[in-house]
Amino acid sequence: MKQQTNKKGFTIIEVILVLAIAGLIFLIVFLALPQLQRSRRDTQRKSDTGRLVAAITQWQSNNDGITLPATAADVTANVLPAYLDSGSGGFNDPSAGGVYSMVTATNGAAPTNLGEISYGINFECSGSTASNSANPGNAVFAVVVELEQGSYCQDNK
């Protein structure tokens, strides 16, 4: 009499094929993840820059509408405590771990380090950098933040 054996299970080829496909999926995810994290941090920096411009504009309107903080140190001392929650993660750089450091813009120079924000009076944005304003006046300012993928400029125009 003929014995019939029913072997149940997967062949080694099927197992290797499934593992190879799973490995490719994990590889794609792990290659894309750092880019997504950089993009998220840069989006946070852009949002913080917008909040800072709004805070400086509000400070300006509360101080006769023309006068701006003269330097980045003035922004740090007067605007941040009064108009932004700068403690407990409220205005912290997402990767540097601390509150942004403010630098005063000179000749349109952008910050060179992550966690720095450049502030300058009589500057306006041209692309991702600030340049001297064509219409200088005390009411014009620009803020530039260094991103992981370039820089970002926002002015009050």
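Above this note sits the structure.
Residues numbered from 1 in each chain as written. Predicted model: local features only at pLDDT ≥ 70, side-chain atom pairs only at ≥ 80, totals over all residues. Heavy atoms only, no water.

Engineer: Tell me what's going on with the pattern of salt bridges, and back it up with residues and numbers.
Structural biologist: All told, the structure shown has 5 salt bridges when counted by the stated rule. One salt bridge in this structure joins Asp48 and Arg51, with 3.0 Å as the shortest N-O distance. Residue Asp48 and its partner Arg51 are both found in helix 1 (residues 12-62); the two are separated by 3 residues, about one turn of the helix. Among the ionic contacts, a cluster of salt bridges with common partners joins Arg41, Asp42, Arg45, Asp93 and Glu148. (Salt bridge = Lys/Arg side-chain N within 4 Å of Asp/Glu carboxyl O. Helix = DSSP H or I, 4+ residues; strand = E, 2+ residues; numbered from the N terminus.)

Engineer: Residues and numbers for helix 1, please.
Structural biologist: The terminal C-alpha atoms of helix 1, which comprises 51 residues, lie 74 Å apart, in line with the 75 Å expected from a rise of 1.5 Å per residue. At Leu33, helix 1 is deflected by roughly 25 degrees, the largest bend along its length, and proline Pro34 occurs up to four residues later in sequence. Regarding helix 1, the residues found buried are Arg41, Asp42, Arg45, Asp48, Thr49, Leu52, Val53, Ala55, Ile56, Trp59 and Gln60. Against helix 2 (72-83), strand 1 (101-104), strand 2 (116-121), strand 5 (141-147) and strand 6 (150-155) lie the buried residues of helix 1. Just downstream of helix 1 lies Asp64, where phi reads positive at about 70 degrees. (Expected span 1.5 Å × (residues − 1). Bend = angle between axes of the 7 residues up to and from the residue. Buried < 20%, exposed > 50% of the residue type's maximum accessible area, 1.4 Å probe, protein only. Contact = heavy atoms within 4.5 Å.)

Engineer: I'd like a description of the state of the cysteines, backed by residues and values.
Structural biologist: According to the stated counting rule, one finds 1 disulfide in the structure shown. At a sulfur-sulfur separation of 2.0 Å, the disulfide partner of Cys125 is Cys153. Its S-S torsion of about -80 degrees marks the bond between Cys125 and Cys153 as left-handed, since a negative value means left-handed. Taken together, the residues span a long stretch of sequence, with Cys125 in strand 3 (residues 123-126) and Cys153 in strand 6 at a distance of 28 residues. (Disulfide = S-S within 2.5 Å.)

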